[in-house]
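Breakdown of the fold
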Number of protein chains: 2
Amino acid sequence: MNRRLLILYLNNKYISCMNNFEFRNPTRLVFGKGQIARLSDLVGQDKKVLLTYGGGSIKRNGVYEQVIAALKGREITEFGGIEANPDYDTLIKAVEICKQKKIDFILAVGGGSIIDGTKFIAAAAKCDCEDTWKLITDKSFKMPVPIDFGAVLTLPATASEMNNGAVISRRATKEKFAFHNPDGFPCFSILDPTVVLSLPKKQISNGIVDIYAHTLEQYLTTCLDTKVMDYWAEGLLKTLIEEAPNLMSDNPSYDSCANFMLTATMGLNGFISMGVDEDWATHMIGHELTALCGLDHGETLAIVHPGVMAVMRQEKHGKLLQYARRVWNITESDQEKAIDMAIEKTENFFRSIGKKTRLGEYGIGNDIIDTIVERFEQRGWAVGEHGIVTPEKTRQILERVK
Amino acid sequence: MNRRLLILYLNNKYISCMNNFEFRNPTRLVFGKGQIARLSDLVGQDKKVLLTYGGGSIKRNGVYEQVIAALKGREITEFGGIEANPDYDTLIKAVEICKQKKIDFILAVGGGSIIDGTKFIAAAAKCDCEDTWKLITDKSFKMPVPIDFGAVLTLPATASEMNNGAVISRRATKEKFAFHNPDGFPCFSILDPTVVLSLPKKQISNGIVDIYAHTLEQYLTTCLDTKVMDYWAEGLLKTLIEEAPNLMSDNPSYDSCANFMLTATMGLNGFISMGVDEDWATHMIGHELTALCGLDHGETLAIVHPGVMAVMRQEKHGKLLQYARRVWNITESDQEKAIDMAIEKTENFFRSIGKKTRLGEYGIGNDIIDTIVERFEQRGWAVGEHGIVTPEKTRQILERVK
């Protein structure tokens, strides 16, 4: 038994107690109908505001007008055009603007990509180093206290509105990495569920898969007798399963939108990760598929997650069975069959909201699998809880979902 | 139909959507074995520290020594003797010490009473008004930004370690009131589950009842389709039911202590109250029983809560049925019988951990019921969600649990 498996074994069998943890999340959440108007209280009258947004959908759905009306009187500079999977070379242009105009508040209006990009802009603008790519890639780099920033969320998915993490891409090198900044929480985030009504169904289904995957990454790991966290994660998963049909219908209800928006934020703001082991293999593998093949983030997760469940079923056996019993209400007495059914139900759930779940459906073949495995080997990456997802396991996972 | 019932009816039948809400909780939670030593990082080296505690149990269970060792080098003033249900006349002595010694950090070491008392001390010491009782009783009073304070929790129950509320008693007038301070969150709280091992069983059972009641106050209200919050509240209730036998045994496991401690904090830190209606009738009535008869807080809740369920069953019908089905797994098809069973199971749960559930068991009679109802009438109090628990309903509740 190698060391990694020994640790896993010990964790499962002998020292299966809750991990020590530290939790802090100072973001103010302002939730509900009509709350965008609250910007007039939340952003100081004397602030020089940089307004960051994406491709301009906020100008078609009425959000932009509400934001501008609420910010009346402030000096506003606009920076639109931040792309999905925000690009480093786009963001450094905004960093220059912040320095030139002495911006002292940034308001991100958009989804996870806009807020992630804003986190980078806010930190890099307070950074003296020459190569700001180090903020993202050099884990030993001391992160600066960022320019104060807030968010108006328009696309529930990533929880970037209430955490201190961000994922930045660099198209020039086909790379995509996450970074965290201890002081990088939004000061506030405004969540108005009515914005969900104007979203294309593809973005809603991407959001559902992303939130579902975030929750699984913090749940389908070691059995550590973390009862509260287990119930809470299961609550998010069950809410998503229950709300998905209404959200994908022609007329989603306000309550479905509100529950959806709340699962998104609660799925990755630290509220369900207290004392648990975390996985993140699905995300790490998925990021490569986005970087190499241009798939949406949610699309990659719908493919990879069932593969991770299937290939890592022995290591995740206890939690997979609990997932089968408590999330999918599977009463089948044969444990292996119950787990098979839970994996199948997960894949079917993703398909029910219009997601493809196989690489072949996107025309992705063996060459990409080879490239991903080689990248993980070169970087010395073993991902998943306790590094159990080795490059070889990564290959098996991708082969499983060809 | 009077106005109050009309609002309730409208809420239930027509506008049953999640309430708008605002959430913010900046407290840093430091959780796990051996974490008291972290005080050496968390409290600045140059701080003049007031150490607040209660009857001295911390000097018998080893916590005091760990605290003093971790704070080595700081100027420390001790203020012990804060009682359960902290008394205003005790606390104002500590306020004087803070002013005289220019205290700039207060460390509360104890349970909810010590942390509650510390919240009052920290605010009152920054207050110029002559009558500091106004902080508690005058809702229009502008609360001061308190002296920075943190906590080492020794008794899981109230969640005072991660919220901005406190309950202060005044024995001279037999009164007990809650107050909230927007800026009154602990900077940090250290939660080491091993402290639970040294607690008397009576304190553990009081804690279990208190946490259970906090959760019900935020759950057994209007049906507003708040799926995430419902699942999360049910998760806390189920965790308490599952862990209670181990916690009340001679050798509680570390995991039971950790889950217990986490339910306590999560039960009243705002994490389960997003967008829901809140009740608090049980607590308001219970506070009177403590103020008038000296019962422990947890003892009062074990009596009053089953009474509230029984008397308010029509107004709380939807949630009571959900509680029966999802927390107690009651499959009885007759809805009224299912609710009866859930109320009975709740009372039996409290009795199973050694709590009395009837006023008569404490020798409390009609005179006290009359006094409480008269007090509510004089204060013009209608408690519960949307004020549905009128003084007359309060009388029925207390009659029900005689």
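Up top is the structure.
What counts as what
Residues numbered from 1 in each chain as written. Chains lettered and ligands numbered in written order. Predicted model: local features only at pLDDT ≥ 70, side-chain atom pairs only at ≥ 80, totals over all residues. Heavy atoms only, no water. Pairing = 2+ DSSP bridges. Helix = DSSP H or I, 4+ residues; strand = E, 2+ residues; numbered from the N terminus. Axes fitted to C-alpha atoms, helices over the stretch in contact; angles between N-to-C directions. Contact = heavy atoms within 4.5 Å. Salt bridge = Lys/Arg side-chain N within 4 Å of Asp/Glu carboxyl O. Buried < 20%, exposed > 50% of the residue type's maximum accessible area, 1.4 Å probe, protein only. Expected span 1.5 Å × (residues − 1). Bend = angle between axes of the 7 residues up to and from the residue. Least-squares fit on C-alpha atoms with pLDDT ≥ 70 in both.

Below, the discussion takes up the sheet that holds strand E1 (residues 21–31) of chain A. Spatially, twelve strands are ordered E3(A)-E2(A)-E4(A)-E5(A)-E8(A)-E1(A)-E1(B)-E8(B)-E5(B)-E4(B)-E2(B)-E3(B) in an open sheet, and the strand pairing comes out mixed. At either end of the open sheet lies a strand with only one pairing partner, and these are strand E3 (75–79) of chain A together with strand E3 (75–79) of chain B. Here the strands of the sheet are splayed against their neighbours by 25° on average, with no regard to which way each runs. Sitting on the sheet, helix H9 (residues 254–267) of chain A is in contact with E1, strand E5 (149–153) and strand E8 (188–191) of chain A together with strand E1 (21–31) of chain B, with an inclination near 150° to E1(A).

With that settled, consider the pairing of E1(B). Strand direction decides the pairing type here: E1(A) and E1(B), joined by seven bridges, are antiparallel. Residue pairing in the sheet places A:Leu29 in a bridge with B:Phe23 of E1(B).

Our next topic: the pattern of salt bridges. All names here are of chain A. Inspection of every chain in the model, using the stated rule, returns 44 salt bridges over all chains. For the salt bridge of Arg-326 with Glu-234, the shortest nitrogen-to-oxygen distance reads 3.0 Å. In this pair, Arg-326 is assigned in helix H12 (residues 317–326) and Glu-234 in helix H8 (residues 227–248), connecting sequence segments 92 residues apart. On the basis of relative accessibility, which here comes to 28%, the residue Arg-326 falls in the partly exposed class. A relative accessible area of 2% means that Glu-234 is categorised as buried. Here Lys-402 makes a salt bridge to Glu-399, at a shortest N to O gap of 3.1 Å.

Moving on, we get to helix H12 (residues 297–311) of chain B. Residue and element names in this part refer to chain B. Helix length check: H12, at 15 residues, gives a terminal C-alpha distance of 21 Å against a target of 21 Å (1.5 Å per residue), a fit within 8%. Taken as a whole, H12 carries its principal kink of about 25° at Val-304; the proline Pro-306 stands between one and four residues after it. With 15 of 15 residues buried, H12 lies mostly within the body of the structure.

Quick look at the environment of A:Gly307 now. Residue and element names in this part refer to chain A. Relative to the helices and strands, Gly-307 resides in helix H11 (residues 297–311). Given the relative accessible area of 0%, Gly-307 is considered buried. In this structure, the C-alpha to C-alpha distance between Gly-307 and Gly-384, residues 77 residues apart in sequence, is 13 Å. Here Gly-307 is in contact with Ile-397, Arg-400 and Val-401, once residues within four sequence places are set aside.

Let us look at the environment of A:Ala70. All names here are of chain A. Note that Ala-70 resides in helix H3 (residues 63–70). Remark: the alpha-carbon pair of Ala-70 and Val-43, spanning 27 residues in sequence, is separated by 9.3 Å. In contact with Ala-70, other than residues within four places in its own chain, are Ile-36, Ala-37, Leu-39 and Ser-40.

With that out of the way, let us pick up helix H7 (residues 201–217) of chain A. The first and last C-alpha atoms of H7(A) sit 24 Å apart over 17 residues, in line with the 24 Å expected at 1.5 Å per residue. Judged by how many residues are buried, H7(A) sits mostly within the fold: 14 of 17 residues are covered.

What follows covers the relation of the copies chain B and chain A. Structural alignment of chain B on chain A gives an RMSD of 0.0 Å, achieved by rotating through 180° and translating 0.0 Å along the axis. On this basis, the relationship between the two copies can be described by a two-fold rotation axis. If distances are taken from each C-alpha of chain B to the rotation axis, the shortest is found for B:Pro26, at 2.1 Å. A share of 100% of interface residues in chain B that are also interface residues in chain A marks the association as one of identical surfaces.

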